[in-house]
Every structure is written in C-alpha cells, then in structure tokens.
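One-letter residues, chain by chain:
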Number of protein chains: 2
Amino acid sequence: MPDPGLTQTGVETVRVDLGPRSYDICIGDGVLASVGEHFAELRPGARAAIVTDETVDVIHGDALRAHLDQANISHVTIAVPAGEVSKSFASLQDVVTQLLAAGMERGDVVLAFGGGVVGDLAGFAAGITRRGMDLVQIPTSLLAQVDSSVGGKTGINAAQGKNLVGLFNQPQLVLADTVLLDTLPKRELRAGYAEMLKYGAIDRPDFFAWLEDNHAAVFFGGDARRHAVATSCRVKADVVKADELEGGVRALLNLGHTFGHALEAAVDYDARRLVHGEGVAIGMVLAHEFSARMNHCSPDEAIRLRAHLTAVGLPTDITTIPGSEAFTTERLMDAIAQDKKVKRGALTFILTRGIGEAFVADDVPRAEASAFLDQKLATKE
Amino acid sequence: MPDPGLTQTGVETVRVDLGPRSYDICIGDGVLASVGEHFAELRPGARAAIVTDETVDVIHGDALRAHLDQANISHVTIAVPAGEVSKSFASLQDVVTQLLAAGMERGDVVLAFGGGVVGDLAGFAAGITRRGMDLVQIPTSLLAQVDSSVGGKTGINAAQGKNLVGLFNQPQLVLADTVLLDTLPKRELRAGYAEMLKYGAIDRPDFFAWLEDNHAAVFFGGDARRHAVATSCRVKADVVKADELEGGVRALLNLGHTFGHALEAAVDYDARRLVHGEGVAIGMVLAHEFSARMNHCSPDEAIRLRAHLTAVGLPTDITTIPGSEAFTTERLMDAIAQDKKVKRGALTFILTRGIGEAFVADDVPRAEASAFLDQKLATKE
C-alpha cells in the first residue's frame, strides 16, 4: 500500500491545485484536534461560525468547540435539522441570517461541520454572506470526506431537482478526521463507500481491485481507511484541477449519478428508502449495464461491479428500493431530462468501456435510455 | 471632448479586462437593437430569460422581445415588482424557481433588464441557478449604467443591512442604451448623476470639472451623456480590474456610501424619502466634511462639491431628508458598524485630500465619527 504523503503521525495531505484557490485536504485519525493550529495559520484573529446539523452537534460539537477554545478562537454554533430537508432555500436564508446576526465579517470563517448536506448548505451560505466569507470543510461522513467536501460544489435542492441551485465555492482547507467515521451508522458508511468505489470505476482500475481485496479493512478503520479516503481525494482533486467549473472531464465524477439522482427523485429524496450513495451504487450498475447494451463494454464488467457492491452490502437493483413497483420509465426519464448535464435537449450519460474506463457520452438517444429503463423496471429480480 | 473609442454609429465600447472573465460594455443611443447580434456571437442557439421589473417591462419589454424575435432567439420574461422590495430572499427564490421551471440550462442566458435592483437580483439569480447561467446586463437606469451593471457585484438585502448577501458574478456583456434614460423620472436621473460625479471625486478631477461645465448637456442626452457614461464605466472598469474582489482599492468606489447606506437604513430604505443616489450625494458631502474635520483636506473642497450637487438639484444635507428629525447618531453609527467594510471592529471610511484625491482610511476612531454625526444632526440648516 503506497503512502508517499504519509507523515509520522499518520496524517496524509492531498493538495488541490487550483492556482489562487488551492488548498490542502488533511486526512487521518484525530486531525480534528489540529483545527486551532490550522485556523491560526489560515486566519489569525478571525472568528469561527460552526455550521452543523443537530445530530453531529450532539455527537461531536463539544469536541470541536473545546479545540477552538484551547486555541482562543471565538466561535458561535449554527445547527440545522439533520437530513436532506435542510438543503432548502429556507435553511439557506436561516443560516445566512444567523451568520449576519452573529456579526460575522468577511474575513471570518465558516466551519462546515457535518456530512454532505451540511457541507453543501454551509459552503453555499459562506459563499454568499457578505459576498464571500472564508470556508473550512470538516466532513464527518465518509461520503463528505471523499466527495462533497472536495472540489467546491455547494448547493441546495429545488422543486425541479437536486442541487439545482448553488455555487462553485472552494474551501480554504479540508480537515477529514477518519476516526469520526466510527460513529456513523453502517448504512451511511456503505453509502460513502459507493463513492470511493466510483473513483476506481472511473479511471483507477488498480484502486478498484485494491478495494475488492481490502474492503473489510477500510470499514474497520485505521491505515486502510485513511489510504482509501486519501486516494479518493487525490482522484477527485486531479479531476477538479483539470476542470474546476465542470466544462468537460469533471462530468466523469457523475458516473452512476444520472440514474442515481433520478432514483432519489423517484423516492422523493426519502432517505429511509434510498440514501444518495445507494442511488449511486444502483446507478453505477445501470451505467455499466447500459454501456453493455450500447456495445461499449462487456456485460462481465457490470457483473464484476455488481458482485463487489453485493459483497459490501450495497444495493444493485432498482427493484430492491421500497416502493419501486410504482416507478415508471416516464417519471425517471423526466428526472434525467431535468439533470444539469442536459445540453440543448440531448442526453448526456457517463458510460464506460469497462472498470476504470469511464467516458462522457453527450449524444445518447432518449429512446435508447427509455427502452433500457423499460427493461430494468420490468425485471423483478 | 476626447472620444477615442467612438465608432461611426455613435457606440463606445469599454473593455473590462479581467482575464478569463473579461467583457465589453457597449454604450450609446440605440444599442438595445444590437442585442440579437451580440447574443448570437456570445451564445449561438442559447435561450434567453429576460429578468426585469414590472415598470420596465411595460415601458421597454416589447422592444427587447421584438429584437430577440427578429434574431430568432427563444425567450421567456420574468418580471418582479419594481423597487428595493425585490432585493429579498423571497424574490431571489422566486426568480430562480421561475428560471428552473422554464427549463433554463447552464448555457442559457439571463438578460438582466432594468435598474440597479433588477441587475443585482438577476445577476445573483443567474450566478446560483444550476451553479451559474450566463449573464448579460442591460441596464435601463443611469445608476445601473454607470455603476451596478459594471464590476460583477450582485446581491440582495438582509434585515441587518443592504447588499449583505450576494456574489461577485461578472456578466459576459453589458449593453448600456443611453436613449432609454429619456424615460426615467428626473429624480432617478439625478440620482445616477451622483454616482457619475463620484468617479470624478475619487480620482478624476478633470472629469469632475467637465461635469461642472457640461451637466446640462449630460441631462439633455446625446454625445455628452454617452461620454459621461463611458468615462464613468472606464473609471469603474479600471478600479475593478485592479481589485476584482474588493480586497483593497475597490473600496474607493464606496466614497459617500458608508454614510449614504446608513441614511438609507435610517429611512428604512423608503425610496419616497431617499433614493440611493441621493444618499450617495449627501454621503459624499459628509465624507468631504468629515475629511476636513480630520484635517485631511480644506473645507473648500466640500463647499465646491456641495455647490455642484445643488446646481443639479441633488440634496446635500441630512436635515433635508423627510423625517430626519427622528434620526439619532446611535442609529446611524449602528448602521455604519454593520457595514461590510468594517474589519475586526475598526471603522473604515473613504476619506479625501480633495476633489479627485480619495483614499481608504481603515483606522477611523468610532468617537470621531460619532462626534461628527452629533454635530451634523444638531445643525438644522
């Protein structure tokens, strides 16, 4: 297991190289304790606004506040309800208003402390409060550590779909404390794992194979987990560097997401029925099967992906989603057409030539996608 | 009157040079008619969303739509109520929701068609819809043509103050049709004039003197007006180029605005009592008088400014604002302290060594400002 960036204390640093907007991701067990040190280096004398959700606040809030107190950093806490419900205009207005009411100034720092919802919401709020406060992402879920906290995408949901309103707002620092993941429900850990596996499936077949061999150790924690998180961040950082504003290659990160988002919309974003990472898991299988149907790859590739997802306990079929018997091709296609990746009406999908060989297909005939979904919905496996 | 950038058709082009975010401002009588041509060059095949207010829509909406129709550009219109009330979270959500409901995609274009309120609101909405649609500013007020449409500041108001929520979002093009200003109420034209005069007062004493001599021709229209608008845009473009994100010198553009915003807050942003440009006019006089009090300039400089503002019919004294007898120093100081330009509690003002010699003073003692306001409020002139 190669760890070139590993220091003696077990902290790995990944640099996201974006010119004047470059920043570090510090990954390792216990990096939360270094928040004061980093903060003092980044913005000496500034105040901190911890934006978090009520669940994370209860579990980890006091630890973060104690670290800030030790470093004599003045702070306030703004806690929103946990869950996707907080990715709304109402929550955005609430957070911004609380930041202003607390007298936060432009050089003060928002600490986005939580999972993907908090990171997206707090990152958006930081970006528009006084036309841009500073931002440190402290992701507490695996999904957020390997995906949403890196790369600057922030946003909320709209009636028309997920993440349709937001900003590109790069943080000044990301602290990914891998020991915090021990408090996650197993289901959330698995959901984050789907996003890690995605990086392997996009263009790192070696990493995909490594995960097939080491998934148990990654779930257990320690060195294997840190390695997997750091590798994921490195892949994402490379893609973001090549295409910060998603003009081209960054779309690859949406492997599994076009179908996945449509499935999340079909359950009305009800996390009891489907969490994001589960949607991505099923969506990746669909992307591989759809690629096979379009003769871009062998059906064996989808079978290999499906086998590994099953081994770690992730879902692989639409029909396993509670209530999926009510899904229709029309509803799913509508959601796909609302996707941000639609250009001038043509459908864009991330397809693949095999594990580690994903590509952007921006000319997929709507009828092909529709016929494929008809077939998947008919198959009650 | 030097007009190096003037073409035969009477259109002057000012380039805002911001690297990959550079854009042109086209200024002249009738440039609105060229919208189709510009649009086809900028984003061939894209759709247009006209974001405007109900008043501008009634007066000029059909003309714009006719120009788009002639160029075969598909368009929708989103009209918000006229006035500062639309710089709110509710209006922002409304515009974004309508853009999404109309199926606007990332490569489609928001045409911000109106005065400062529309430009700020539509520019903000464009910046966050699908994480950034394209944006063309078509300012219809003098204030918007010389100030708010140039430089990328967008935003809405919060309970804590004006423009506290927003983005830096540069447009891809600005079309400033100077003949549209003929439909403006005289009071609004005067208010925009205050912002033009501000550029002279900041660092172009020649332009200030030119305006003293030519103000009647500027109000009348034609070449003098175009020259004044273009010169103002050029000054602003230079400042924005030097400091796009307001880290330093861009603060100079706030000459008159720290006091001005406090006065607007004191009348609860009631435009019947005080419009923004009038606040800036009074604010500039206060900034010059405060500078004289702090021994940065001669009192004659404030007298010269006051004389010219009076000549064009702009207010120069707090005590002429309806209801100003209820103003208190405490209330005004609170508003000033809420200003974005406060850093770590110290007060920042734009002061001056004389007409054309403004500078940023970031260490103004609160007690000095307070004593100065006490004096101004006591003087019922």
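Keep in mind that this is a model prediction, so the values were computed, not measured. (Residues numbered from 1 in each chain as written. Chains lettered and ligands numbered in written order. Predicted model: local features only at pLDDT ≥ 70, side-chain atom pairs only at ≥ 80, totals over all residues. Heavy atoms only, no water.)

Asker: Which parts of the structure should I look at to understand helix α9 (residues 257-266) of chain B?
Answerer: Residues and elements named next belong to chain B. Across the 10 residues that make up α9, a large majority, 10, are buried. Within the span of α9, buried status applies to H257, T258, F259, G260, H261, A262, L263, E264, A265 and A266. Contacts made by the buried residues of α9 are with β8 (161-168), α6 (186-203), α10 (276-293), α12 (329-337), β10 (347-352) and α13 (366-378). Looking one or two places after α9, you find D268, whose phi comes out positive at around 55°. (Buried < 20%, exposed > 50% of the residue type's maximum accessible area, 1.4 Å probe, protein only. Helix = DSSP H or I, 4+ residues; strand = E, 2+ residues; numbered from the N terminus. Contact = heavy atoms within 4.5 Å.)

Asker: Looking at this structure, I do not really get the environment of B:L32. What am I missing?
Answerer: All names here are of chain B. Within the element layout of this structure, L32 appears in the loop between β2 (23-28) and α1 (35-42). Given the relative accessible area of 4%, L32 is considered buried. The sequence separation of L32 and S291 amounts to 259 residues, and the corresponding C-alpha distance is 42 Å. Those residues in contact with L32 that sit more than four places away from it in its chain are A63, L64, H67, F113, I138 and D177.

Asker: Hey, could you run me through the sheet that holds strand β4 (residues 75-80) of chain A in this one?
Answerer: Pairing between the strands of a sheet comes from backbone hydrogen bonds, and it takes one of two forms, parallel or antiparallel. All names here are of chain A. One open sheet accounts for 7 strands, arranged β1-β2-β9-β6-β5-β3-β4; its pairing is mixed. Of all strands in the sheet, those with a lone pairing partner are β1 (12-16) and β4, marking the two edges. Pairwise comparison of adjacent strand axes, ignoring direction, gives a mean angle of 20° for this sheet. Two strands pair when backbone bridges link them, and β1 and strand β2 (residues 23-28) are joined in this way by 5 bridges, in the antiparallel orientation. Residue pairing across strands places V14 opposite I25, the latter belonging to β2. (Pairing = 2+ DSSP bridges. Axes fitted to C-alpha atoms, helices over the stretch in contact; angles between N-to-C directions.)

Asker: I tried to follow the relation of the copies chain A and chain B on my own but got confused; where do I start?
Answerer: Each copy of the chain is related to the other by a rotation around an axis and a translation along that axis. Under the fitted operation, chain A is carried onto chain B by 0.0 Å of movement along the axis and a turn of 180°, and the coordinates agree to an RMSD of 0.0 Å. Such a combination of turn and shift is consistent with a two-fold rotation axis. Considering only C-alpha atoms, the residue of chain A closest to the rotation axis is A:F89, which sits at 4.1 Å. Take the interface residues of chain A: 100% of them recur as interface residues in chain B, which is what a same-surface contact looks like. (Least-squares fit on C-alpha atoms with pLDDT ≥ 70 in both.)

Asker: What is the right way to look at the environment of A:V76 in this model?
Answerer: Residues and elements named next belong to chain A. Checked against the element boundaries, V76 lands in strand β4. The partly exposed category is assigned to V76, whose relative accessible area is 23%. With 198 residues separating them in the primary sequence, V76 and L274 have C-alpha atoms 33 Å apart. In contact with V76, not counting residues within four places along its chain, are R47, A48, A49, I50, A102 and M104.

Asker: Looking at this model, I keep getting lost on the sheet that holds strand β6 (residues 134-139) of chain B. Mind explaining?
Answerer: All names here are of chain B. The strand order across the open sheet built from 7 strands is β1-β2-β9-β6-β5-β3-β4, with neighbouring strands paired in mixed fashion. Only two strands of the sheet have a single partner each, and these edge strands are β1 (12-16) and β4 (75-80). Between one strand and the next, the sheet's axes are offset by a mean angle of 20°, whatever the strand orientation. Bridge count for β2 against strand β9 (residues 173-177) is 5 bridges, and the pairing is parallel. In the sheet register, C26 faces β9, and the bridge partner there is L175. Across the sheet, helix α2 (residues 54-70) touches β3 (48-53), β4, β5 (109-114) and β6, and the angle it forms with β3 is around 160°. Running at roughly 10° to β1, helix α8 (residues 223-242) makes contact with β1 and β2 of the sheet.

Asker: Which parts of the structure should I look at to understand the confidence of the model for chain A?
Answerer: Predicted coordinates in areas of low pLDDT are best not read in detail. Residues and elements named next belong to chain A. On average, residues of chain A score 93 in pLDDT, and 95% of them are at 70 or above. In this model, residues 1-5 is a region of pLDDT below 50 whose contacts with residues beyond four sequence positions or in other chains number 11 contacts. At the level of chain-chain contacts, confidence expressed as ipTM amounts to 0.88, with global pTM at 0.90. (pLDDT = per-residue confidence, 0-100.)

Asker: Would you explain the pairing of β3(B) in this entry?
Answerer: One face of the sheet, then the other: side chains in a regular strand alternate in exactly this way. Residues and elements named next belong to chain B. Burial analysis of β3 places 6 of its 6 residues in the buried class, which makes it a mostly covered element. In β3, alternate side chains face the same way, and those of A48, I50 and T52 on one face and A49, V51 and D53 on the other are all buried. Alignment of β3 against β5, held across 5 bridges, turns out to be parallel. Each bridged residue has a counterpart across the sheet, and for T52 the counterpart in β5 is F113.

Asker: Where do I start with the pairing of β2(A) in this structure?
Answerer: Most of β2(A) sits out of view: 5 of its 6 residues are buried. Remark: 6 residues form the turn of the hairpin made by β1(A) and β2(A), two consecutive strands paired antiparallel; A:G19 in that turn has positive phi of roughly 60°.

Asker: Teacher, can you tell me more about the packing of aromatic side chains here?
Answerer: Given two aromatic rings, one states the distance between the centres and the angle between the planes to describe the pair. Going through the model one piece at a time under the given rule, you end up with 14 aromatic pairs over all chains. With a centroid separation of 6.2 Å and an interplanar angle of 15°, the aromatic rings of B:F207 and B:W210 are classed as stacked. On the criterion of helical spacing, the pair formed by B:F207 and B:W210 is a turn pair, its members being 3 residues apart in helix α7 (residues 205-220). For the residue pair B:F207 and B:W210, the accessibility class agrees, reading buried in each case. One aromatic cluster is present, built from ring pairs that chain together A:F259, A:F290, A:F349 and A:F372. Above the ring of A:F359, the side-chain terminus of A:R353 is found at 4.0 Å from the ring centroid. A cation sits over an aromatic face here: B:K198 above B:Y199, 5.1 Å from the ring centre. (Phe/Tyr/Trp six-rings, centres within 6.5 Å; stacked < 30°, edge-to-face > 60°. Lys NZ or Arg CZ within 6 Å of the ring centre and 35° of its normal.)

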